[in-house]
Amino acid sequence: MVHNGQVSEARSRLLATASRIFYSEGLHSVGIDRIVAESKVTRATLYRHFASKDDLVVAYLRSVAQMERDQVEEAAGSGGTADEALRAVARAIAAGIESAGFRGCAFLNAAAEFPDPAHPVLRTVLEHREWFLRTITGLFERSDAKSPAAAARHFVLLRDGAMAAGCLTDAAEVGATFLAGVDGLLRFK
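A brief look at the structure comes next. Predicted, not measured: the structure shown is a model, and the values here were computed from it.

1. Concerning the pattern of salt bridges
Under the definition given, this model contains nine salt bridges. Linking Asp33 and Arg43 is a salt bridge whose minimum nitrogen-to-oxygen distance equals 2.2 Å. Residue Asp33 is located in helix α2 (residues 32–39), and its partner Arg43 is located in helix α3 (residues 43–49); the two are separated by 10 residues in the primary sequence. Judged by relative accessible area, Arg43 falls into the partly exposed class, the value being 39%. A salt bridge links Arg87 to Asp183, with the nearest nitrogen and oxygen atoms 2.6 Å apart. Note that Arg87 is positioned in helix α5 (residues 82–97) and Asp183 in helix α9 (residues 171–187), a separation of 96 residues in sequence. Taking the relative accessible area as the measure of exposure, Asp183 reaches 24% and is therefore partly exposed. Through salt bridges that share partners, Arg20, Glu25, Arg34 and Glu38 make up one connected network.

2. Things to note about the packing of α5 against helix α7 (residues 120–142)
One way to put it is that α5 packs onto α7 with a least axis distance of 7 Å and a crossing angle of 145 degrees. In this structure, α5 uses Ala82, Ala85, Leu86, Val89 and Ile93 to contact α7, whose residues at the interface are Phe132, Ile136, Leu139, Phe140 and Arg142.

3. What about unusual backbone geometry?
A positive phi angle is found at Lys40, which is not glycine, with a value near 60 degrees. Of note, Lys40 is situated in the loop between α2 and α3. For Lys40, a relative accessible area of 68% corresponds to the exposed category.

4. Things to note about the packing of aromatic side chains
Within this structure, the stated rule accounts for five aromatic pairs. When the centroid spacing of 6.2 Å and the interplanar angle of 45 degrees are considered together, the rings of Trp131 and Phe132 count as tilted. Each of the two residues, Trp131 as well as Phe132, counts as buried. Pairing Phe140 with Phe155 gives two aromatic rings, centres 6.4 Å apart and planes at 75 degrees, and the pair type is edge-to-face. Within this pair, whereas Phe140 is found in helix α7, its partner Phe155 is found in helix α8 (residues 148–165), the two being separated by 15 residues in sequence. Within the aromatic cluster, the residues linked to one another by ring pairs are Trp131, Phe132, Phe140, Phe155 and Phe178. Its guanidinium or amino end placed over the ring of Phe132, Arg159 lies 5.7 Å from that ring's centre, counting from NZ or CZ.

Criteria and thresholds
Residues numbered from 1 in each chain as written. Predicted model: local features only at pLDDT ≥ 70, side-chain atom pairs only at ≥ 80, totals over all residues. Heavy atoms only, no water. Salt bridge = Lys/Arg side-chain N within 4 Å of Asp/Glu carboxyl O. Helix = DSSP H or I, 4+ residues; strand = E, 2+ residues; numbered from the N terminus. Buried < 20%, exposed > 50% of the residue type's maximum accessible area, 1.4 Å probe, protein only. Axes fitted to C-alpha atoms, helices over the stretch in contact; angles between N-to-C directions. Contact = heavy atoms within 4.5 Å. Phe/Tyr/Trp six-rings, centres within 6.5 Å; stacked < 30°, edge-to-face > 60°. Lys NZ or Arg CZ within 6 Å of the ring centre and 35° of its normal.

Spatial relationships are all this shows, so hold off on functional conclusions.
Below is the structure:
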């Protein structure tokens, strides 16, 4: 709920709590009662801000999407050539993989739990992935790649693989391998 242009403290607390727990433990495994208890709000307060658990999950994913957009825009807008921007985006992704508490891609994790293409959670995942692919395609277009769309799809697949492997094996090695793959894409575009 917004009062005087500000998001309520309770809504912010609910979203922060849900985001932390959803990312670390999964979406289906976390119940509303736990989120209410850890947020220190009532169930009525939760439902005043989010009509359902699905609405809360969508809000969580949208907040992650905004953080990722900000990160990509900052990396891509840091000056320099399109190739430098792509490398900066890749470095930001690799740094995320190597960060403490990394548990994979929030969007890939959500897609695994919500496979129904009509479900609002999966639609939110797909909207974000479409934005990311468009953004990377635009950078490859600026870099004069022969096939920007194909190069961007390769970048996204490299990213997806790195996000999946980064929580299963040595994150530093995964990050380095991802960066080498992106460098290869840029050398042979």
